[in-house]
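Chain residues, written in single-letter form:
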Amino acid sequence: MSRIDDRYLDCVVYLYASESDAEKGIKSGGSGFLIGHYINIFGNDVPFLFVVTNKHVANNGNNTLRLVSSSGGIEVIDLDERDWVFHPDGDDVAVCFLLHDYRKFKFKHFGLNNFITKEILDNYNIGPGDKTFAVGRFVNHEGSIKNLPTVRFGNIAQMPWEPIRQDNGFLQESFLVESRSVGGYSGSPVFCF
C-alpha cells in the first residue's frame with residue numbers, strides 16, 4: 001500500500017455535540033469532509049466551502065466542528081442545526097455551508113468533480129475488489145492538541161446495482177465497502193484508488 005497524499009487527511013473535520021465536547025475530544029459524534037465550489041468574483045476564484053457528513057450524524061445534534069487552525073492547533077465552530085440541508089430523496093447525507101474566515105484554518109477540500117459518477121465507473125472499470133480508503137476520526141485517539149485523522153483501508157464488496165433498505169425504510173443507492181471501522185467514522189469520505 002502506498003502512502004496517501006496529505007490532502008486526503010486535511011479535508012476531514014470532526015463533529016461533536018458541543019464546543020466543550022470538541023475541546024475535550026469526547027467519544028461521540030462523527031466525521032465529515034470539506035467540499036469547495038469556486039465562484040469567480042471580480043476576476044478572482046473564491047472558494048465556498050461546505051461540510052458534508054451523514055444525516056444521522058447531523059440529526060443527532062452533532063453541530064460543532066473541530067478543524068485544524070492555521071497555526072496547527074484546534075479551531076472549534078458551532079454550526080446552526082437549521083443550516084444543515086438533507087438530501088431531498090432521503091439519502092443519509094447532510095451538507096452545511098461554512099461561512100467563516102477560511103484563513104483561520106489549515107484545510108484542503110475537494111470539488112464536485114471528485115465525486116464518483118456512472119461515467120467514471122464505466123471509464124475506469126471500477127468494480128468489486130477495487131481498493132478503497134476512508135479518512136476519519138478514530139475516537140480512541142483523535143488527537144488532543146490537533147486533529148489526527150486515521151486512514152482505514154478496504155475494498156469495494158458490492159456495486160450499487162440494487163438499492164439497500166436503510167433503517168428508516170428508505171431504499172438508498174449504496175456501494176458496499178469491506179473495511180475495518182470503529183465508532184466515529186460515520187460521515188467519513190471514502191476514496192477509490
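All of the points below concern the structure found in this document.

Cut-offs and rules
Residues numbered from 1 in each chain as written. Predicted model: local features only at pLDDT ≥ 70, side-chain atom pairs only at ≥ 80, totals over all residues. Heavy atoms only, no water. Pairing = 2+ DSSP bridges. Helix = DSSP H or I, 4+ residues; strand = E, 2+ residues; numbered from the N terminus. Axes fitted to C-alpha atoms, helices over the stretch in contact; angles between N-to-C directions. Salt bridge = Lys/Arg side-chain N within 4 Å of Asp/Glu carboxyl O. Buried < 20%, exposed > 50% of the residue type's maximum accessible area, 1.4 Å probe, protein only. Core = buried A, V, L, I, M, F, W, Y, C linked by side-chain atoms within 4.5 Å. Contact = heavy atoms within 4.5 Å. Polar contact = N/O pair within 3.5 Å; in protein donor to acceptor, adjacent residues only side chain to side chain. Patch = residues over 30% accessible without salt bridge, like charges linked within 9 Å, V, L, I, M, F, W, Y side chains within 5 Å. Areas by Shrake-Rupley, 256 points an atom, 1.4 Å probe, with all protein chains shown as cover.

**Examining the sheet that holds strand S8 (residues 131–136)**
- The sheet built from four strands is open, its strands ordered S12-S9-S8-S13 with antiparallel pairing. Each edge of the open sheet carries a strand with a single partner, namely strand S12 (176–179) and strand S13 (190–192). When the angles between neighbouring strand axes are averaged without regard to direction, this sheet yields 40 degrees.
- Of the strand pairs in this sheet, S8 and strand S9 (residues 150–158) are connected by six bridges, and their pairing is antiparallel. Across the sheet, Gly 136 pairs through a bridge with Thr 150, a residue of S9.

**Some remarks on the sheet that holds strand S5 (residues 74–78)**
- An order of S5-S4-S1-S2-S3-S7-S6 is seen for the seven strands of this open sheet, with the pairing classed as antiparallel. Edge positions in the sheet fall to S5 and strand S6 (85–86), since each of these pairs with one other strand and no more.
- Bridging between strand S1 (residues 12–16) and strand S2 (residues 30–41) involves four bridges; their strand directions are antiparallel. The partner of Val 12 across the bridge, within S2, is Phe 33.

**Section: the pattern of salt bridges**
- This structure, assessed with the given rule, holds seven salt bridges.
- Ionic pairing is found between Arg 137 and Glu 142, a salt bridge with its closest N-O pair at 2.5 Å.
- Residue Arg 137 is classed as buried on the basis of its relative accessible area of 0%.
- Overlapping salt bridges bring together Arg 66, Arg 137 and Glu 142 as one network.

**A look at the nonpolar core**
- In terms of nonpolar packing, the biggest core is built from 18 residues, with Leu 65, Trp 84 and Leu 98 touching the most fellow members.
- Among the secondary structure elements, those contributing two or more residues to this core are S1, strand S3 (44–53), helix H3 (55–59), strand S4 (64–68) and strand S7 (94–98).
- Setting aside anything within four residues of it in sequence, one finds Trp 84 in contact with Leu 15, Val 51, Thr 53, Ala 58, Asn 62, Asn 63, Leu 79, Ala 94, Val 95 and Cys 96.
- By size, the runner-up hydrophobic cluster in this structure holds 15 residues, among which are Tyr 16, Ala 22, Val 52 and Phe 191.

**Quick notes on the side chain of Ser 69**
- Structurally, Ser 69 is set in the loop between S4 and S5.
- By relative accessible area, which is 6% here, Ser 69 ends up buried.
- A polar contact of 3.0 Å, which involves the side chain of Ser 69, links it to the side chain of Ser 71.
- Leaving out residues up to four positions away in the same chain, Ser 69 has contacts with Ile 74, Glu 75, Lys 104, Phe 105 and Lys 106.

**Structural notes on unusual backbone geometry**
- We note that Phe 42 has phi near 50 degrees; this positive angle belongs to a residue other than glycine.
- Mapped onto the elements of the fold, Phe 42 is located in the loop between S2 and S3.
- Classification of Phe 42 as exposed rests on a relative accessible area of 84%.
- Positive phi is not limited to glycine here, since Asn 125 has a value of about 50 degrees.
- Assignment of secondary structure puts Asn 125 in the loop between helix H4 (118–123) and S8.
- With relative accessibility at 66%, the residue Asn 125 sits in the exposed group.

**Some thoughts on a nonpolar patch on the surface**
- A contiguous nonpolar surface patch, about 300 Å² in accessible area, is contributed by Ile 116, Phe 175, Val 177 and Val 190.
- Here Phe 175 is to be found in the loop between strand S11 (171–172) and S12.
- Exposure remark for Phe 175: the relative accessible area of 32% places this residue in the partly exposed category.

**Topic: the side chain of Asn 147**
- Turning to its location among the elements, Asn 147 is positioned in the loop between S8 and S9.
- Residue Asn 147 is classed as buried on the basis of its relative accessible area of 5%.
- A polar atom in the side chain of Asn 147 sits 2.7 Å from the side chain of Arg 66.

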